[in-house]
Amino acid sequence: MKGLENGLSRREFLSNTSKASLAIGLAGTGILSACAGDANGEDKAVLVTSFTQTPLAYDYAALAPNIDAMTMEIHYTKHAASYAKSLGEAIADEKVDTNKPLEDVLAEVSKYTTKMRNNGGGHYNHELFWKVMAPNAGGKPTGDLAAAIDSSFGSFDEFVSQFDTAAKTRFGSGWAWLVVGADKKLAVGSTANQDNPLMDVSDFKGTPLLGLDVWEHAYYLNYQNKRPDYVSAFWNVVNWNTVAERFAAASV
Ligand SMILES: [Fe+2]
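Please read all numbers here as calculations on a predicted model, not as lab measurements.

Asks: What is the right way to look at the overall build of the protein in this model?
Replies: Within the protein, the regular secondary structure consists of 12 helices and 3 strands. Split into buried and exposed, the 252 residues of the protein put 50% on the buried side. Restricting to contacts in the protein with at least 6 residues of sequence separation, those with at least 24 account for 69%.

Asks: Sorry, what's going on with the coordination of the iron ion here?
Replies: Note on metal sites: the ideal angle is 109.5 degrees for four tetrahedral donors, and 90 or 180 degrees for six octahedral donors. Around the iron ion, the protein contributes the donor atoms His75 (NE2), His126 (NE2), Asp213 (OD) and His217 (NE2), which lie 1.9 to 2.1 Å from the metal centre. Around the iron ion sit 4 donor atoms; with metal-centred angles ranging over 91 to 135 degrees, the donor geometry is irregular. On the basis of relative accessible area, Asp213 is assigned to the buried category, the value being 0%. Among the residues examined, His217 registers a relative accessible area of 18% and is labelled buried.

Asks: Please clarify how the pattern of salt bridges should be interpreted in this entry.
Replies: Side-chain pairs of opposite charge can arise where the charged atoms are in close proximity. With the rule as written, the count across this model stands at 5 salt bridges. Taken together, the salt bridges that share partners define one network made up of Lys85, Glu89 and Lys115.

Asks: Help me understand the packing of aromatic side chains in this model?
Replies: The way to describe two aromatic rings as a pair is by their centre distance and the angle between their planes. Under the definition given, this model contains 18 aromatic pairs. Plain terms: the ring middles of Phe129 and Phe234 are 6.3 Å apart, the flat faces sit at 25 degrees to each other, and that makes the pair stacked. Of this pair, Phe129 sits in helix α7 (residues 114-131) while Phe234 is found in helix α11 (residues 227-234), placing the two residues 105 residues apart along the sequence. You can call Phe234 buried: its relative accessible area is 1%. Relative to Trp235, the ring of Phe159 has its centre 5.7 Å away and its plane inclined at 80 degrees; by these criteria the two rings are edge-to-face. One end of the pair, Phe159, is in helix α9 (residues 156-169); the other, Trp235, is in the loop between α11 and α12 (240-250), with 76 residues separating them in the sequence.

Basis of the calculations
Residues numbered from 1 in each chain as written. Predicted model: local features only at pLDDT ≥ 70, side-chain atom pairs only at ≥ 80, totals over all residues. Heavy atoms only, no water. Helix = DSSP H or I, 4+ residues; strand = E, 2+ residues; numbered from the N terminus. Buried < 20%, exposed > 50% of the residue type's maximum accessible area, 1.4 Å probe, protein only. Contact = heavy atoms within 4.5 Å. Donors = N, O, S within 2.8 Å, 3.2 Å for Na, K, Ca; no water. Tetrahedral: all angles 85-135°; square planar, octahedral: opposite > 155°, others 65-115°. Salt bridge = Lys/Arg side-chain N within 4 Å of Asp/Glu carboxyl O. Phe/Tyr/Trp six-rings, centres within 6.5 Å; stacked < 30°, edge-to-face > 60°.

And the structure:
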């Protein structure tokens, strides 16, 4: 990795790469210029999702053995790509103004078709998922995010326990989430299918900071029916740097 050769830490490199990918992904959509006009535009930009797939910031094999290379490749190039393609069709069919963020569409997704709900959610959720993971990551958060987790859950271990329960008990396909609510408190929950906490149709609401895909396509090749093992392994690849950036942006 050239960034590392130039003296950047892996975390700094991935963070910069993530921002560069975001900028590339937003170029031509009008979203970047819209954000740049905000006083906190640079910070808020980490909460904005492009309508198209952004490149992975790491190789398909980079998260192994926690998530194997074939799962990552199929997940990114087939499943997630399909959501992005179908979202593109939906925004054209339903004449969505793509100068507005995808997040705005999700906030009023009840006004759109089921195709928009499933694929807008599917695209957003996966774009977030790739960013909140990184090689040689895991561990625990620090700073303001760590303090907020302690304040909201009592301890990091209690937060992990609640998140694990949400992920393991989500019946069928769905996602587990850490969100920050309008009251600035953190909360853990889950949603079905490709719904997410940004959606007006969701019972569980907030700004997603961390999301875990618990669809079988996310783990079945390596873990088969053992979803709890996959959930446990996820903690080894959580990119707390990105989660903390999202928390800081959402807390402005
Ligand atoms: Fe998925």
